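Structural features, examined
The lines below spell out each chain.
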Amino acid sequence: MKVTVIGSGYVGLVTGACLAELGNQVFCLDLDGKKIDCLNRGELPIYEPGLAEIIARNVEAKQIQFSSNIQDAVAHGDVQFIAVGTPADEDGSADLKYVLEAARNIGRYMTDFKVVINKSTVPVGTADHVMEVIASELKISGRSIDYSVVSNPEFLKEGVAIEDFMRPDRIIIGTYADISGLRAKALMRKLYAPFNRHHERTLYMDVRSAELSKYAANGMLATRISFMNELANLAEKVGADIEHVRQGIGSDNRIGYGFLYAGTGYGGSCFPKDVQALVRIGYQHQTDLKILQSVQAVNDSQKIILVEKIIKRYGHDLTGKVFAVWGLAFKPNTDDMREAPSRTIIRELLLRGASIQAYDPVANKTAENSFKRDFNDGCEELNRVKFVDTMHQALVNADALVIITEWKAFKSPDFSLLKEALNNPVIFDGRNLYEPEDMTAMGFEYYGIGRSTNLLNS
Ligand SMILES: NC(=O)c1ccc[n+]([C@@H]2O[C@H](COP(=O)([O-])OP(=O)(O)OC[C@H]3O[C@@H](n4cnc5c(N)ncnc54)[C@H](O)[C@@H]3O)[C@@H](O)[C@H]2O)c1
């Protein structure tokens, strides 16, 4: 099938690459010329394990192409995926300007039947909005062409995006019930047929239910995280260990283990903005989503929980203190720094006078760019952040280690080397990577999240 993907970011590139791998002819469009140049040089503008290999193979086989030419992109695909960003607007609602611009371009240049697929995460009612925008473009130029809009939200996780896309738990397809909607549904069934060989993974529904399902999924996952973070803070007070509690409840198959880790709060390009957008949708429909408002508030305070522990240990003035930081990306296996807790934590430490020696296996560069945006480029605080090339370099002459992202490489370090490199054997572990008893036995002063043996409990 001929497929166009509008927006070549995390979701667009993975969608395009995987559909090309399955034999479709894919055209990836992006208006960011630098991204397209980078892709056409054979480089990837993002880090996502396994993606480079699939793209290289399909470029070679001429199954995928990258371009900024809107007219060619619209002409190419029978199906047009919209996979552009939907960042939070000032009031927290999803900003649809990129989605609607993409829709406008489709309306402007289409010459035959198109299925327009909203893959971006969008509020309920956006498919109607996209239908209207295309209709108005057609009207302006006096053309009458059939089309239909489909809601096909994406559930991939950065870091394991290829696996998620190729072996999804489910594929949600929301279509309209009219004749064009039925035609669109048939094309979607054909496009996704390879995913349903072993068993049917596709759930067909109306567009509004599909749109709401995506927000509901992220809202639920974020709720589990905030619930555990809140309980972790209580665990510290009552002398319990949140890791035992996690296993105690996760083993109940009505609950399950997923998304129950206490830590430094959720970040990334999805949970923060999607929870915010869902609260906003509720507000617009006179429905107060109280649980999700609390989820957000808990997450905001959890992002500074490590800073509070550090202040409790060293006081408010951190001038002259050097902290080694392991992990900057919002989660492992990605270089994505959007809403990463590391940004909040490092900012708070810098503002109190500390210096940072930071290491991330892949996100040093994106982190540096984010910090330049967070602090005005050239300001004094930025001079106190040093990005280093190895985990060990970060430790040398640091007063303590702060772990923010749970990269595999951090899980079993050589603790004797670690102790030797640090000025003092102190670890603030925002991901509970180690056992408090083991750390104490090895002579470390160890602070986890919600662990009963924390020395700072009071
Ligand atoms: N990143 C994830 O893990 C993830 C997972 C599921 C769903 N989503 C959703 O998917 C959508 C895309 O997210 P992302 O992380 O891939 O975003 P991204 O910012 O990485 O990529 C979006 C791309 O769209 C391009 N773009 C913007 N307007 C355009 C236009 N009119 N024509 C062509 N290109 C245009 C931008 O230049 C950018 O490269 C969002 O709605 C997001 O919420 C993201």
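Here's what I pulled together on the structure shown here. (Residues numbered from 1 in each chain as written. Predicted model: local features only at pLDDT ≥ 70, side-chain atom pairs only at ≥ 80, totals over all residues. Heavy atoms only, no water.)

**Topic: the overall build of the protein**
Cut-off, in case you're wondering: Helix and strand assignments come from DSSP, with helices taken as H or I runs of at least 4 residues and strands as E runs of at least 2, each series counted from the N terminus. C-alpha atoms define the radius of gyration, and 2.2 Å times the number of residues to the power 0.38 defines the globule rule. Think of it in three bands: with a 1.4 Å probe and only protein chains considered, a residue is buried below 20% of the maximum accessible area for its type, exposed above 50%, and partly exposed in between.
What the protein contains, in helices and strands, is 18 helices and 14 strands. Taking 2.2 N^0.38 as the reference for a compact globule, 458 residues should give roughly 23 Å; the C-alpha atoms of the protein span a radius of gyration of 24 Å, in line with that estimate. Taken over the C-alpha atoms alone, the protein extends approximately 75 × 45 × 45 Å along its principal axes. By the burial criterion, 55% of the 458 residues in the protein qualify as buried.

**Digging into the sheet that holds strand 13 (residues 426–429)**
Cut-off, in case you're wondering: The pairing criterion for strands is at least two bridges between them, as found by DSSP. Between the N-to-C directions of two axes lies an angle of 0 to 180 degrees, each axis being a line fitted to C-alpha atoms and, for a helix, fitted only over the stretch in contact. Residues count as neighbours in contact if any of their non-hydrogen atoms are within 4.5 Å of one another.
In space, the six strands of this open sheet follow the order 11-10-9-12-13-14, with parallel pairing throughout. The strands lining the two open edges of the sheet, one partner per strand, are strand 11 (385–387) and strand 14 (445–447). The sheet shows a mean angle of 20° between the axes of neighbouring strands, direction not considered. In this sheet, strand 10 (residues 355–359) lies alongside strand 9 (residues 322–326) in parallel orientation, the contact comprising five bridges. The residue of strand 10 that forms the bridge with Val 325 is Ala 358. Packed onto the sheet, helix 14 (residues 341–351) meets strand 9, strand 10 and strand 11 and runs at close to 155° relative to strand 10. In this fold helix 15 (residues 364–374) packs onto strand 10 and strand 11, with an angle of close to 160° to the strand it touches most, strand 11.

**Topic: unusual backbone geometry**
Most peptide bonds adopt trans geometry, and most residues besides glycine take a negative phi value. The backbone of Phe 259 shows a phi angle near 55°, a positive value even though the residue is not glycine. Locating Phe 259 in the fold gives a position in the loop between helix 10 (242–250) and helix 11 (271–284).

**Side note on the site of the ligand**
Put simply, the test is: If even one non-hydrogen atom of a residue comes within 4 Å of a molecule or strand, that residue is called near it. Within 3.5 Å is the distance limit for a polar contact, defined as a pair of N or O atoms, with the added protein rule that one can donate a hydrogen and the other accept it, and that residues adjacent in sequence qualify only through two side-chain atoms. Where accessible areas are quoted, they stem from the Shrake-Rupley method and a 1.4 Å probe; at the residue level, only the protein chains shown are allowed to cover. Three categories are distinguished: nonpolar for Ala, Val, Leu, Ile, Met, Phe, Trp, Tyr, Cys and Pro, charged for Asp, Glu, Lys and Arg, and polar for the others, with Gly belonging to the last.
Asp 30, Lys 35, Thr 86, Glu 158 and Lys 273 are the nearest of the 27 residues found near the ligand. Take Tyr 10: an N or O atom from its main chain is 3.1 Å from an oxygen atom of the ligand. Within the side chain of Ser 269, an N or O atom sits 3.3 Å from a nitrogen atom of the ligand. Look at the ligand: alone it shows 840 Å² of surface, and the protein chains cover 90% of it. Counting only elements with at least two residues in the shell around the ligand, the list comes to helix 1 (10–21) and helix 5 (97–109). If one sorts the elements of the shell around the ligand by residue count, helix 5 sits on top with three residues. Looking at side-chain class alone, the shell around the ligand contains eleven nonpolar, seven polar and nine charged residues.

**Quick notes on the pattern of salt bridges**
Cut-off, in case you're wondering: Here, a salt bridge means any side-chain nitrogen of Lys or Arg that lies within 4 Å of a carboxyl oxygen of Asp or Glu.
All chains considered together, the criterion is met by 27 salt bridges. Put simply, Asp 146 and Arg 183 hold a salt bridge, and the shortest N to O gap is 3.8 Å. Here the residue Asp 146 occupies a position in the loop between helix 6 (126–140) and strand 6 (147–151), and Arg 183 occupies one in helix 8 (residues 179–191), the gap between them amounting to 37 residues. Asp 146 gets classed as partly exposed once you look at its relative accessible area, which sits at 35%. For Arg 343, the salt bridge is made with Asp 374, and the minimal N-O distance between the two is 2.8 Å. Of this pair, Arg 343 sits in helix 14 while Asp 374 is found in helix 15, placing the two residues 31 residues apart along the sequence.

**Some words on the environment of Thr 202**
Relative to the elements of secondary structure, Thr 202 occurs in strand 8 (residues 202–206). Expressed as a C-alpha distance, the spacing of Thr 202 and Leu 351, which sit 149 residues apart in the sequence, is 50 Å. Excluding residues within four positions of it along the chain, Thr 202 makes contact with Ile 171, Ile 173 and Asn 196. There is a polar contact of 3.1 Å between the side chain of Thr 202 and the side chain of Glu 200.

**Focus on helix 6**
For clarity, the cut-off: For a helix, the expected span equals 1.5 Å multiplied by the number of residues minus one. Taken from the helix axis, the directions to the C-beta atoms give the arc we talk about.
Taking 1.5 Å of rise per residue, 15 residues should cover 21 Å, and helix 6 covers 21 Å from first to last C-alpha, within 8% of that figure. The set of residues buried in helix 6 consists of Thr 126, Ala 127, Val 130, Met 131, Val 133, Ile 134, Glu 137 and Leu 138. Looking down the long axis of helix 6, one finds its buried residues gathered within 165° of arc, a one-sided arrangement. Turned more than 90 degrees away from the buried face of helix 6 sit Glu 132, Lys 139 and Ile 140, all of them exposed. Residues of helix 6 that are buried in the fold lie against helix 5, strand 5 (114–118), strand 6 and helix 9 (207–238).

**Examining the nonpolar core**
Convention followed: What makes a nonpolar core is a set of buried Ala, Val, Leu, Ile, Met, Phe, Trp, Tyr and Cys residues whose side-chain atoms join them at distances within 4.5 Å.
Within the largest apolar cluster, 41 residues are counted, with the highest numbers of intra-cluster contacts made by Phe 323, Leu 349, Ile 356 and Phe 428. Residue assignment for this core shows that the elements contributing at least two residues are helix 9, helix 13 (305–314), strand 9, helix 14, strand 10, helix 15, strand 12 (400–403) and strand 13. Looking at this core, the element that brings in the most residues is helix 13, giving six residues. When neighbours within four sequence positions are excluded, Leu 349 is seen to be in contact with Val 307, Ile 310, Leu 318, Phe 323, Ala 354 and Ile 356.

**Description of the side chain of Asp 429**
Formally: As used throughout, the charge tally considers Lys and Arg to be positive and Asp and Glu to be negative, leaving His and the chain termini uncounted.
Counting through the fold element by element, Asp 429 comes out in strand 13. Although Asp 429 is buried, it forms no salt bridge, and the closest oppositely charged side chain is Arg 451 at an N-O distance of 6.0 Å. In this structure the side chain of Asp 429 is engaged in a polar contact, spanning 3.0 Å, whose partner is the backbone nitrogen of Asn 432. Within polar-contact distance, the side chain of Asp 429 engages the backbone nitrogen of Tyr 434 at 3.4 Å. Residue contacts for Asp 429: discarding those within four places in its chain leaves Leu 306, Ile 403, Tyr 434, Tyr 446, Tyr 447, Gly 448 and Ile 449.

These figures come from the coordinates and say nothing about function on their own.
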